[in-house]
Amino acid sequence: MIARRASIPVLRFCVGAQRFGMAADDVAAIVPARAHSVHIATVLGLESTTQVHERRDIHIMVSADNGTDNQTSSRIVKLQADGPVDVVRLGPEHIVPQAAGISPHYWKPIIGFARIGEQTILLLDIPSVIAALMDTRDGGNP
Amino acid sequence: MQLGLRAKLTFAIAFLIVAFAGFFALYFPTQQEEAAATALRSRAKSISAALSTGVAKLVATDQGQVQTLLEDFAESPAVDRSDIASIVIVRPNGSPFARYPAHDDGKGYGPAPATGLTPDSPFRIDETDDMVIASVAIFPDREDSAFGILTTTLSQDSVRTARASGRASALVVAALILVIGVIVAWLVGGGIATPILHAARQLDAVSSTLVAAARDQEASSAEEAAAVAQTRRSMETLLDSAQQIADRSSEVLGNAERSTNGSRQIADRIGNLNELSEKVADILAVIMQVADKADLLALNASLEGTRAGDAGKGFTLVAAEMRRLAENVMESVAGIRELMKDMREASQAAVTASEEGTKSSTATTHSAREIALLTQEQRQATEQVMASMDEMGEILNHTLDGIQRTTASASQLTELARTLADIVNPAVTRQRHDSELEART
């Protein structure tokens, strides 16, 4: 997909001091954070020390396969992230090549790295994040 | 030459004694002479009477015995014949009948017999400088005519002797009286004058001591009066200082109260400013919320534009611009918040400084009021001290007047004592005067 398009829009946000990014096409909306939303730091096993008013709720559209009539439906999953949140476009020049010997699926939520200036952005795989979120909501039970 | 009282008294008493002695010297011989003369006359009378009786009897019987009677009588041891000059019986015709002494000594029959003698008044005495002549008429038995006159002549020698003796005795006695009187006068004068002189000297000494003491007391009172006056001047200066302190305290009090009011007004203004700052903060919060929502809207718009692909590029650019604006607003609000934070801190510092100023002004006001109160009390105390000084000065002036009067009285007393001493004994005064002259020279 990146090869076909000159650049892709990425939603950039923070977890603590670390920059993260995910595909902006899958984001439905950004709204002020709610208290009951799950922070993405919890999903990633990190810790956030920011205040609630500095956070944003990211509404992610998740496709659901019915399995019978080959039709798909979508639902919104809410994840909380730290600001600032913005949309940047990443081109091939921003992508950091993966080192040899490191499996792309060594840590599933992270699918790669990008670099904009001095900032390093950890690119997240939305389905993996959603899966981790589900695992978190289920208390770790399958 | 001035005489003292003692000399005057001595002279006065001596004069009296001399007068008494002179009077005695003159009176006593006269009395002696008078007594002798009286005795002589009495003797002449008694001799004449005795002889006349005998002669009268003999005339009637034996006239020839008359001469014998005269001689026997004159020669009788009982009769002192020393002063009998003569006894003569003369007949009325003047012829002598009998006489004693019988022999005429050339003096005749003596003085002429007295005449005019009667039976009722047969006796008469006459006197000359040298003689006492007693005449008695001789009347024989119950005859009216006189046989003769018996004349007895007595010499005045006894009288002169008595006079001389009396004068001598009087002179001796007067001399003794004079000597004794002068001694007594000296002793009496000394006895009177010496205690007076002694008393005058004591009075002089006492009055001199009194004058010295009064002058010392006068000097002390004058010094006390000067000290009181000096103290009063100091009190006046202190009162002026207290008044100046009170005035300055009033000014400080007014300034402190104004400062307190100013600090309170500043605190009130700062409180109002803080309230306004809170309102501005609320407004900034609203602005921040609006900017945050605008930022979210722009972010969502940017997502929509991204999803729209090339068709949404313009929309994405507008959204990005809106986001920048929103971020600028939020940055501005953040800057305003920082400024307001600084302003709040400055306001709080100003409030604290104002409170400190208010506290300091309040403390200054309290101190100024205490100073004013203390100054008032000090002024009242000073005024009381000044009143006491005035009363003390008045008392001292009265005392000084009394001391001056006492000094004057003591000086007069000293002068009187010296005058008395001068009266009693001028030598003392002259000696003192000489001593004073020597002391001055």
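Heads up: these notes are all about the structure in this document.

A word on the overall build of chain B. The secondary structure content of chain B amounts to 5 helices and 5 strands. Along the chain direction, N to C, the helices and strands of chain B fall in the order α-α-β-β-β-β-β-α-α-α. By the burial criterion, 30% of the 441 residues in chain B qualify as buried. A fraction of 72% describes how many contacts in chain B between residues 6 or more apart in sequence connect residues 24 or more apart. Accessible surface for chain B amounts to roughly 26,300 Å². Of this, 59% is attributable to carbon and sulfur atoms.

Moving on, we come to a nonpolar patch on the surface. Residues and elements named next belong to chain B. Judged by side-chain polarity, Val 172, Leu 176, Val 179, Ile 180, Ile 183, Val 184, Trp 186, Leu 187, Val 188 and Ile 192 come together as a nonpolar surface patch covering roughly 910 Å² of accessible area. Turning to its location among the elements, Val 188 is positioned in helix 3 (residues 157-307). Taking the relative accessible area as the measure of exposure, Val 188 reaches 34% and is therefore partly exposed.

All names here are of chain B. If you trace the backbone, Gln 378 turns up in helix 4 (residues 313-424). Separated by 136 residues in the primary sequence, Gln 378 and Ala 242 have C-alpha atoms spaced 7.1 Å apart. In contact with Gln 378, other than residues within four places in its own chain, are Leu 238 and Ala 242.

Take the side chain of Asp 295 of chain B next. Along the chain, Asp 295 of chain B falls in helix 3. If near-sequence neighbours (up to four positions away) are discounted, Asp 295 of chain B is found in contact with Arg 56 of chain A together with Arg 323, Ala 326, Glu 327 and Met 330 of chain B.

All names here are of chain B. Across 5 bridges, the pairing between strand 3 (residues 123-127) and strand 4 (residues 131-138) is antiparallel. Residue Arg 124 lies in a different strand from strand 4, and its bridge partner there is Ser 135. Between strand 3 and the antiparallel strand that follows it, strand 4, lie 3 residues.

Conventions we followed
- Residues numbered from 1 in each chain as written.
- Chains lettered and ligands numbered in written order.
- Predicted model: local features only at pLDDT ≥ 70, side-chain atom pairs only at ≥ 80, totals over all residues.
- Heavy atoms only, no water.
- Helix = DSSP H or I, 4+ residues; strand = E, 2+ residues; numbered from the N terminus.
- Buried < 20%, exposed > 50% of the residue type's maximum accessible area, 1.4 Å probe, protein only.
- Contact = heavy atoms within 4.5 Å.
- Areas by Shrake-Rupley, 256 points an atom, 1.4 Å probe, with all protein chains shown as cover.
- Patch = residues over 30% accessible without salt bridge, like charges linked within 9 Å, V, L, I, M, F, W, Y side chains within 5 Å.
- Salt bridge = Lys/Arg side-chain N within 4 Å of Asp/Glu carboxyl O.
- Pairing = 2+ DSSP bridges.

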